[in-house]
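Given next are the chains, with one letter for each unit.
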Amino acid sequence: MTKVLIKEIKPYQKNLRRNILISRKLEKLNDVTAAEGSVSTDALYHFESDAGDSVMMFHTMPEDINKLVLKEGRMPEKGNECVVDHSLISEKKIGSVILISNMNEEKTSDMFRYKEYIITGTVVSPLYLNFERGTTSLGNGKISGFAYLQSGGFDTDYFTEVYLDLNVSGEIYSQEYESSLDALEKKVQTTVDACADRRYRDLRQDAMEELEEGQAEYDQNYASYLKEKSEAEAELSEGWSKIKDGEQEIISGKAKLKKQKDELKEKENTLQKEQKKARKSQKELREKKQTLIAAQTKIETGLSALAVKEAEFEADKPYMTPAEIETTASLLATQKHQLLTQKTTVDENLSKVNAGLDKISKNLPKLNHGLSQIKAGYEKIESSYTDLKEAETELKKNKEKYHASKAEAESAFTKAETEFSDARRDLEDARKEIDDIKAPDTFVLDRMTNVGYACFESDAAIVDGIAKVFPIFFFLVAALVCMTTMTRMVDEQRTQIGILKALGYSNFTVSCKYLFYSGSAALI
């Protein structure tokens, strides 16, 4: 049994997510006993008590493949719980919190449903056989450890990889194993490419459908906006026309009232002059009447005195001469004629004065009535002025309301134009992003690409090489030691060798002694 990791590079995954459902197809392949989707990502994190960020590889909890071994604590049960690398933390850290750093890219942060995860235990994983945890483009370039979350801990609905359990013949690292794996890899790659191509087409189709819906919604909203804008502008224009008409009416009304006031003023001046003239004439006529009455009284007194003189003349007439009678009678007749003439003139003048006074008496009420009407006209004009002022105040308020409404409408129009401009830019950006979607790259990776297995293989190869070199090295060392020892022994026992040769032993016999000694020592 062996495990194969399939990774997909997703050039356009945000906002266009779809489950990568290839596990069922892969399970139908020959020699594939199981397939399990998984989510993993490297991200910056730190513990509650730490200040700096480190890099950790986060995985979803496996079910059937790459099962974990719990070392301490318990497995996570909630979305905001996790288990971490046993070699990363001690038992005291269980219960503490891992914080996802704000320094992560947005697409990385969006993959996590929570910003904090509670550590419930420590585990070891078959994906990390070696102390090495891999490299990354984040932080210092080194992954410090791993953590496993429940599937609810990630906020994504696609798999980043699919693990396969294969039924491959041959021992691991053997040539037979490699050949079987290579043969199956081609089938897996074909299936994965077909699924990835379908996902690529689905992503583009979904993106285009969403873009078309957005474009249709934009067109509809923009048409509604233009209609509302046109109606609002027409309403504002109509309101401004009414305000201008109102201003013109107020100006016309003020001019009309001013004209009426001027006319009333002119009439008032005329009536006042006539009233003044009438009163002056009345006074003059009254004074003249008094004078005429006094003249009339004087004439009546003169006539009475003349009557007395006539009576006396008649009484004295017998005693008077004819010349005296004629002279006196002529004088009395002349005086009487003069008095009567004066009386007639005074009576006529008095009648004229009385007629004039009567006429003035009749005209004065008319003049007073006219002045009263003018006063009422003034009051009416003042009331009209008050109405105009109220209308002007109301018009001013309406004008302020108009400017406020216009400013509000212009602000709303500007805001709407900005929003529509942003929407157009978003649509263009989305269209460009869709056009920029590249066909996905898929990789079928065997366990040899796993850093733990790779390190294990490397370590095994090193040990194998050492196992091949060390015996020769030891043999050489042993031969060197044996040769050095025997050389020193022969040098030290030169006297004994000479005695042996003197006793008749041959060189071969003596050599055999030392060869036997060294050979037995080497064998032992």
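Residues numbered from 1 in each chain as written. Predicted model: local features only at pLDDT ≥ 70, side-chain atom pairs only at ≥ 80, totals over all residues. Heavy atoms only, no water.

Engineer: How should I be thinking about the overall build of the chain in this particular structure?
Structural biologist: The helix and strand tally for the chain stands at seven helices and 11 strands. A compact globule built from 524 residues should have a C-alpha radius of gyration of about 24 Å, whereas the chain, at 68 Å, is more than 25% larger. When the 524 residues of the chain are sorted by exposure, 32% land in the buried category. When contacts within the chain are restricted to residue pairs at least 6 apart in sequence, long-range pairs at least 24 apart make up 80% of them. Accessible surface, the chain as shown: approximately 33,600 Å² in total, 54% of it carbon and sulfur. (Helix = DSSP H or I, 4+ residues; strand = E, 2+ residues; numbered from the N terminus. Rg over C-alpha atoms; globule rule 2.2 N^0.38 Å. Buried < 20%, exposed > 50% of the residue type's maximum accessible area, 1.4 Å probe, protein only. Contact = heavy atoms within 4.5 Å. Areas by Shrake-Rupley, 256 points an atom, 1.4 Å probe, with all protein chains shown as cover.)

Engineer: How do you make sense of a nonpolar patch on the surface when you look at a structure like this?
Structural biologist: Residues I462, I466, V469, F470, F473, F474, V477 and V481 make up a contiguous nonpolar surface patch of about 730 Å² in total accessible area. Summarising the element assignment, F470 is placed in helix 5 (residues 451-492). (Patch = residues over 30% accessible without salt bridge, like charges linked within 9 Å, V, L, I, M, F, W, Y side chains within 5 Å. Salt bridge = Lys/Arg side-chain N within 4 Å of Asp/Glu carboxyl O.)

Engineer: Looking at this structure, how should I read the packing of aromatic side chains?
Structural biologist: In total, this model carries 14 aromatic pairs according to the counting rule given. Both rings, one in Y218 and one in F420, keep their centres 5.6 Å apart while their planes meet at 75 degrees; by these two values the pair is edge-to-face. Residue Y218 is located in helix 3 (residues 175-316), and its partner F420 is located in helix 4 (residues 322-435); the two are separated by 202 residues in the primary sequence. Here Y218 matches F420 in class, with each residue buried. With a centroid separation of 5.1 Å and an interplanar angle of 40 degrees, the aromatic rings of Y225 and F420 are classed as tilted. A residue pair is termed long-range when its members are at least 10 positions apart, and Y225 in helix 3 and F420 in helix 4 qualify at 195 residues. Note on F420: relative accessible area 12%, which makes it buried. Each member of the aromatic cluster is reached from another via a ring pair, and the members are F58, F112, Y114, Y117 and F154. Directly above the aromatic system of F47 lies the positively charged group of K93, at a separation of 4.3 Å from the ring centroid. (Phe/Tyr/Trp six-rings, centres within 6.5 Å; stacked < 30°, edge-to-face > 60°. Lys NZ or Arg CZ within 6 Å of the ring centre and 35° of its normal.)

Engineer: Please explain the packing of helix 5 against helix 6 (residues 494-502) as it appears in this structure.
Structural biologist: When two helices pack together, their arrangement is given by the angle between the helix axes and the distance between those axes. In contact at an axis separation of 4 Å, helix 5 and helix 6 are set at 65 degrees when each is read in the N-to-C sense. Here V490, D491 and E492 of helix 5 lie close against helix 6, whose contacting residues are R494, Q496 and I497. Grouping the amino acids of the contact of helix 5 with helix 6 by side-chain chemistry returns two nonpolar, one polar and three charged. (Axes fitted to C-alpha atoms, helices over the stretch in contact; angles between N-to-C directions. Nonpolar A, V, L, I, M, F, W, Y, C, P; charged D, E, K, R; others polar.)

Engineer: I'm lost on the pairing of strand 3 (residues 40-47) in this one. Help?
Structural biologist: Taken residue by residue, a regular strand's side chains alternate between the two faces of the sheet. Across the eight residues that make up strand 3, a large majority, seven, are buried. Judged from the six bridges that link them, strand 3 and strand 4 (residues 54-60) form a sheet pairing that is antiparallel. Bridge pairing in strand 4 links L44 to V55. Here strand 3 hands over to strand 4 after six residues, the two strands then running antiparallel side by side. Here three bridges tie strand 3 to strand 7 (residues 97-100), and the two strands are oriented antiparallel to one another. In the strand pairing of strand 7, H46 is matched with L99. (Pairing = 2+ DSSP bridges.)

Engineer: Just to check I follow, could you spell out the confidence of the model for the chain for this structure?
Structural biologist: Any region with low pLDDT has predicted coordinates that should not be read closely. Summary statistics for the chain give a mean pLDDT of 82 and a share of 93% for residues scoring 70 or more. Taken together, the stretch residues 1-20 has pLDDT below 50 and engages in 91 contacts with residues farther than four places along the chain or on a different chain. (pLDDT = per-residue confidence, 0-100.)

Engineer: Even after reading the chapter, I still don't get the pattern of salt bridges, so can you show me in this structure?
Structural biologist: Opposite charge on two side chains allows them to pair when their charged atoms are near. Evaluated as defined, the whole model comprises 15 salt bridges. Where D155 meets R113, a salt bridge forms, and the shortest distance between an N and an O atom there is 3.4 Å. Of this pair, D155 sits in the loop between strand 9 (145-149) and strand 10 (161-166) while R113 is found in the loop between helix 2 (106-109) and strand 8 (116-124), placing the two residues 42 residues apart along the sequence. Under the relative-accessibility criterion, D155 is labelled partly exposed at 32%. Taking the shortest distance from any N to any O, the salt bridge between E300 and K343 comes out at 2.8 Å. In this pair, E300 is assigned in helix 3 and K343 in helix 4, connecting sequence segments 43 residues apart.

Engineer: Explain the pairing of strand 8 to me, please; I cannot follow it from the model alone.
Structural biologist: Two strands pair when backbone bridges link them, and strand 5 (residues 69-73) and strand 8 are joined in this way by four bridges, in the antiparallel orientation. In the sheet register, G73 faces strand 8, and the bridge partner there is G121. Of the strand pairs in this sheet, strand 6 (residues 81-85) and strand 8 are connected by five bridges, and their pairing is parallel. Along strand 8, the bridge assignment pairs D85 with V123.

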